[in-house]
Structures are given as C-alpha cells and as structure tokens.
Amino acid sequence: MSWSWVPPRPGEEDGSDGGPSPALRTAVTVLAVLLTGALVAYYLTVGVRQGEDRCVAERPGGVSVDQVESRWRWWPPGTECVYPTGSGVRV
C-alpha cells in the first residue's frame, strides 16, 4: 500500500520518516533478544531447580529423598511433585 497521498508531518519534509535510525533500531532489537535469552537461561537453571528442591522439602513423612520425583508440567508451567504412597504413587 502506498502512503504517498498522506501529507508529510512536521519534520518529515526532507524525506525522512522522523523515527530512530536503522542502526539504533537494530541495536535495541539485539539487546532485547539477548536480555530475553539471559532471562530464559536463568529461569531454566535456577527456577526449575527451586521447584525440584521444593518437592524434596515438602515431602510427606515417611518418604525418603530418593523416593521423591519431580516432573515438568507444561500448563501451568512448573514442577509437579510425585510421591509414593502405600497403594501406589500420589501426585
């Protein structure tokens, strides 16, 4: 779609779009992607480990640390604790 019929806004008479330079937009995009990647890596290394530790800390009486199992749950995202019971497995 051509926007040539739209009159220029103040400051756009020279043909520029009035926005930030392409180099600045690229730099901001790269920084945003790197920050997002760092946050995802932090969550995967620290956040998931905390869920596993919580399962061990909240285990019912009579259940040893070796019997505790944690599983990844997609929705809602997080860790699901699995403990054995006398008649089977309790989730």
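Because the structure is a prediction, the values reported are computed rather than measured. As a convention, each chain's residues are numbered from 1 in the sequence order in which they are written. Residue-level local features of this predicted model are given only where pLDDT is at least 70; pairs of side-chain atoms are given and counted only at 80 or more, and the full residue set underlies all totals for whole chains, interfaces and linings. To obtain the side-chain values, all non-hydrogen atoms of the structure were used and water was disregarded.

**Q** I would appreciate a short explanation of the overall build of the protein chain in the present structure.
**A** Counting its secondary structure elements, the protein chain contains one helix and three strands. In DSSP terms, a helix is any run of H or I states spanning at least four residues, a strand is any run of E spanning at least two, and both are numbered starting from the N terminus. Reading the protein chain from its N end, one meets helices and strands in the order α-β-β-β. With a 1.4 Å probe rolled over the protein chains alone, any residue whose accessible area is under 20% of its type maximum counts as buried; one over 50% counts as exposed, and the rest are partly exposed. The buried share among the 91 residues of the protein chain stands at 12%. Residues count as neighbours in contact if any of their non-hydrogen atoms are within 4.5 Å of one another. Considering only contacts in the protein chain between residues 6 or more positions apart, those separated by 24 or more positions represent 27%. Counting every atom, the protein chain has about 7400 Å² of accessible surface; 63% of that belongs to carbon and sulfur. Note that accessible areas follow from Shrake-Rupley with a 1.4 Å probe, and for residues the cover is restricted to the protein chains shown.

**Q** How should I be thinking about the side chain of T79 in this particular structure?
**A** As for its position among the elements, T79 is in strand β2 (residues 78–85). Under the relative-accessibility criterion, T79 is labelled buried at 10%. What T79 contacts, discounting residues up to four positions off in sequence, is V48, G51, E52, R54, C55, S70, R71 and R73.

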